[in-house]
Structure formats: C-alpha cells, structure tokens
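Summary of the model geometry
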Amino acid sequence: MRPTTSACVLVFVTLLSVGVGLADDPPRKIRVATFNVSLVGREPKEIAETLRSGDDPKARAIAEIIQRVDPDILLINELDYDDENLAIER
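The text that follows walks through the structure, step by step, so that each part is easy to find.

Rules used in this analysis
- Residues numbered from 1 in each chain as written.
- Predicted model: local features only at pLDDT ≥ 70, side-chain atom pairs only at ≥ 80, totals over all residues.
- Heavy atoms only, no water.
- Core = buried A, V, L, I, M, F, W, Y, C linked by side-chain atoms within 4.5 Å.
- Buried < 20%, exposed > 50% of the residue type's maximum accessible area, 1.4 Å probe, protein only.
- Contact = heavy atoms within 4.5 Å.
- Helix = DSSP H or I, 4+ residues; strand = E, 2+ residues; numbered from the N terminus.
- Lys, Arg positive; Asp, Glu negative; His and termini not counted.
- Salt bridge = Lys/Arg side-chain N within 4 Å of Asp/Glu carboxyl O.
- Polar contact = N/O pair within 3.5 Å; in protein donor to acceptor, adjacent residues only side chain to side chain.
- Expected span 1.5 Å × (residues − 1).

A few points about the nonpolar core
- Counting ten residues, the largest nonpolar core consists of Phe35, Val37, Leu39, Ile47, Ala48, Leu51, Ala59, Ile62, Leu86 and Ala87.
- Not counting chain neighbours up to four residues away, the residues in contact with alanine 48 comprise Asp82, Leu86, Ala87 and Arg90.

Next up, the structure:
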C-alpha cells in the first residue's frame, strides 16, 4: 500500500516539528535532503534483486553520498516500487 500525499506531508511536518523543538528548548537545525536515485528496472523486483548483493556500483555511490550528507530526513525519488518493499529495505 502506497502512502498518500497528505500522509507523507503529515509525517514530514511531524518530524520537522520534533526536529526543531516546540518547547522551551532552543530550535536546532535539521538537514533535509531529497535524492533522485534513478534506480528503475525493466522487470518487477529487478532493482530489489540488484541491491541484494550490495555490489552494484551505482547503489554503492548513492549510499556513500547519503552517508556523507547525513540528512536527518531523506526523501528518495525514482526507486522502483515493489509490493514487499524489498528495494527500499535493501
């Protein structure tokens, strides 16, 4: 089941409010990033299978960039959807 846009916005706003603090604590900076990974296969679950080994050079480069940027909130775009969420978990 895919989340709706309004559900995604609600989660983002909730995370944002927690990240900047709502009480007497001084606001803290949070890093938000989007990444267009363009990991799209020709067949269903192809990307999930590609990511299984951990040897894909493109996926390794993407992981290195994400780790270097170290965002508090990350939106990943253009990652193949599969019913079992295998690609996103890997």
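Side note on the side chain of aspartate 82
- With respect to the helices, strands and loops of the structure, aspartate 82 is situated in the loop between strand S2 (73-79) and helix H4 (86-89).
- Despite being buried, aspartate 82 has no salt bridge partner; lysine 45 is the closest side chain of opposite charge, sitting 5.9 Å away.
- A polar contact of 3.1 Å, which involves the side chain of aspartate 82, links it to the backbone nitrogen of alanine 87.
- Residues in contact with aspartate 82, not counting those within four places in the same chain, are Lys45, Ala48 and Ala87.

Quick look at the pattern of salt bridges
- Overall, the coordinates contain three salt bridges when judged by the stated rule.
- For arginine 52, the salt bridge goes to glutamate 49, with nearest N and O atoms at 2.9 Å. Here glutamate 49 and arginine 52 lie together in helix H2 (residues 46-52), a separation of three residues that amounts to about one turn.
- Of the residues examined, arginine 52 reaches a relative accessible area of 53% and is grouped as exposed.
- For glutamate 49, a relative accessible area of 40% corresponds to the partly exposed category.
- Measuring nitrogen to oxygen at the nearest pair gives 3.0 Å for the salt bridge that ties arginine 68 to glutamate 64. Of this pair, arginine 68 and glutamate 64 both sit in helix H3 (residues 57-69), four residues apart, which is roughly one turn of the helix.
- Classification of glutamate 64 by relative accessible area gives partly exposed; the value is 40%.

Quick notes on H3
- With 13 residues, H3 ought to run about 18 Å at 1.5 Å a step, and its terminal C-alpha atoms sit 18 Å apart, in line with that.
- Downstream of H3 by a residue or two, aspartate 70 has a phi angle that is positive, lying close to 55°.

Notes on the environment of valine 69
- Relative to the elements of secondary structure, valine 69 occurs in helix H3.
- Here the alpha-carbon distance between valine 69 and arginine 31, two residues 38 residues apart in the chain, equals 8.6 Å.

Examining the environment of leucine 51
- The residue leucine 51 is located in helix H2 in this model.
- With 39 residues separating them along the chain, leucine 51 and arginine 90 place their C-alpha atoms 6.2 Å apart.
- Leave out the neighbours within four places in its chain, and leucine 51 touches Leu39, Ala59, Ala87 and Arg90.

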